[in-house]
Amino acid sequence: MSGDATNFALNHDHTELRRTVRSFFEAKADEAAVRSQLEPPVGYDAQVWHQMSGQLGLTGLAIPEELGGQGFTFVELGIVTEELGRCLLPTPYFATVVLAASLLMHAGDDAMQERYLPGIAAGSTVATVAVVEESGRWHPDSIQAPAHGDGNRWVLDGVKTYVLDGCSADLIFVAARSGDDISLFAVHEFDTVVRRPLSTLDPTRKQAHIEFHATPAELIGRQGDGWPVLARTLALGASALAAEQVGGAQRCLEMAVDYAKVRRQFGKPIGSFQAIRHKCADIYLDVECARGSAYYALRAAAALSEELPAASSMAKACSSEAYARAAAANIHIHGGIGFTWEHPAHLYFKRARSSGHLLGDAAFHRGLLADLIGI
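- In the annotation of an unreviewed UniProt entry, the protein is listed under the name Acyl-CoA dehydrogenase and assigned to Mycobacterium gordonae.
- Entered under Cofactor (unreviewed entry) in the UniProt record, the comment concerning the protein runs "FAD".

Dropping the structure here:
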């Protein structure tokens, strides 16, 4: 595979991966399966999760082979997240495979990688990353939770919130202040941790409020070097999330077009009316523009190119807005039925809104882009 981030067309192998993954999700993640996981606190089907890891190897897709993974790149990982966005299957994939595994792989800590990555690759370890605090901002100045200690003996205090799959995780990587700098820590003992599920707009993606009370933790990498690692992890995450949003927006477009073909008013399909035709065309344009920026960001992520920060922010901003518009238009085209609990359109609308804020909203990423280009 070329490391050139400018060549972002998918090849035959990528197409086959997409076909396999989509076929699996169509069999395991229909609307009934998604709805069955909305209420339980764990928020995902353990059997499907183990099939994703054991049968398809999706949890270890981008983890090196010597650490139990498949050794593929972030492009392949993005294809999986795009298909997950298309079906809305609740899983801890984004928290575990995209965020937690990426953080470990870029932390420069061989011992921690050897200890935790094989479990993530095998699907036996559910992990997450705790960054955001009460301000809700994905910014280093907002990280204030204190860490005390030295060497291998550390304890954490403070609060983290909006932690993806925080109640079901076996392992939490925490960004905390060690003195004036940010360091990263691993928490796997929860006797002094209070985890509370949050009631959020999007029931397909579980989040948690977590309190640490002198909680034992292990330093990851070097003390004070946490923010560069975390910044790269968040850029990688934004690239994968942009692809996930494209998958959701594409599904909204398909739902809207399919309904416009069969719903009739005044003796004609509503898709023959100019207002509906133009709305569908606008969604299509949004989705394709977002897809281009997301695939470019995935290539930059796979190559770890210097363009990654800008490409990921551009993709996240573009995909967030495209998904929001596509989800809203899908409901409008469906009319009254689209507003009801019984119809899946509202699930995509809620995911679009929550994903728009995850890892920073469009305005936040435009600000990052402005900083990168010096304006």
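Points about the pattern of salt bridges
Step number 1: Using the criterion set out here, one finds 17 salt bridges in the structure.
Step number 2: Between Arg291 and Glu82 there is a salt bridge; the shortest N-O distance is 3.1 Å. In this pair, Arg291 sits in helix α8 (residues 274-303) while Glu82 sits in helix α4 (residues 74-87), placing the two residues 209 residues apart along the sequence. We note that Arg291, like Glu82, is buried.

Topic: the packing of aromatic side chains
Step number 1: Under the counting rule described, the total for this entry stands at four aromatic pairs.
Step number 2: Relative to Phe173, the ring of Tyr116 lies with its centre 6.2 Å away and its plane at 70°, an arrangement referred to as edge-to-face. Placement of Tyr116 in helix α6 (residues 110-122) and of Phe173 in strand β4 (residues 171-178) is noted, with a sequence separation of 57 residues between them. Residue Tyr116 shares its accessibility class with Phe173, and that shared class is buried.
Step number 3: The ring of Phe190 carries Arg195 above its face, with NZ or CZ at 4.0 Å from the centroid.
Step number 4: Stacked on the ring of Phe94, the Lys or Arg Arg205 has its end atom at 5.4 Å from the ring centre.

Observations concerning the nonpolar core
Step number 1: Counting 95 residues, the largest nonpolar core has Phe25, Met52, Tyr93, Phe94, Leu156, Phe173 and Ile220 as the members making the most contacts within it.
Step number 2: Excluding its chain neighbours within four sequence positions, the residues that come into contact with Phe173 are Ala100, Leu103, Leu104, Tyr116, Thr128, Val129, Ala130, Phe185, Ala186 and Ile220.

Here's the deal with the UniProt feature "domain: Acyl-CoA dehydrogenase/oxidase N-terminal" (unreviewed entry) in the protein
Step number 1: Using the residue numbers shown here, the UniProt feature "domain: Acyl-CoA dehydrogenase/oxidase N-terminal" (unreviewed entry) corresponds to residues 12-123.
Step number 2: For residues 12-123, the end-to-end C-alpha separation is 27 Å, with 64% helix and 0% strand making up the annotated structure.

Here we look at the domain arrangement of the protein
Step number 1: Taken domain by domain, the protein holds domain 1 (12-125), domain 2 (128-224) and domain 3 (227-373).
Step number 2: Its C-alpha centre places domain 2 at a distance of 29 Å from the equivalent point of domain 3.
Step number 3: With 15 residues of domain 2 in contact, the opposing surface of domain 3 contributes 16 residues.
Step number 4: Together domain 2 and domain 3 conceal approximately 1400 Å² of surface at their shared face, both sides included; 73% is due to carbon and sulfur atoms.
Step number 5: Seen at the junction of domain 2 and domain 3, the total is two salt bridges.
Step number 6: Note that Arg351 and Asp202 form a salt bridge whose closest N and O atoms lie 2.9 Å from each other.
Step number 7: Remark: the boundary between domain 2 and domain 3 carries five residue pairs in polar contact (both at pLDDT 80 or more).

Regarding the environment of Glu306
Step number 1: Following the sequence through the fold, Glu306 ends up in the loop between α8 and α9 (308-334).
Step number 2: Given the relative accessible area of 79%, Glu306 is considered exposed.
Step number 3: Between the C-alpha atom of Glu306 and that of Ala33, which follows or precedes it by 273 residues, the distance is 41 Å.

What counts and how
Residues numbered from 1 in each chain as written. Predicted model: local features only at pLDDT ≥ 70, side-chain atom pairs only at ≥ 80, totals over all residues. Heavy atoms only, no water. UniProt positions renumbered as here; feature names shortened; annotations may be inferred. Salt bridge = Lys/Arg side-chain N within 4 Å of Asp/Glu carboxyl O. Helix = DSSP H or I, 4+ residues; strand = E, 2+ residues; numbered from the N terminus. Buried < 20%, exposed > 50% of the residue type's maximum accessible area, 1.4 Å probe, protein only. Phe/Tyr/Trp six-rings, centres within 6.5 Å; stacked < 30°, edge-to-face > 60°. Lys NZ or Arg CZ within 6 Å of the ring centre and 35° of its normal. Core = buried A, V, L, I, M, F, W, Y, C linked by side-chain atoms within 4.5 Å. Contact = heavy atoms within 4.5 Å. Domains from an automatic or database assignment. Buried area = accessible area lost by both parts, 1.4 Å probe. Polar contact = N/O pair within 3.5 Å; in protein donor to acceptor, adjacent residues only side chain to side chain.

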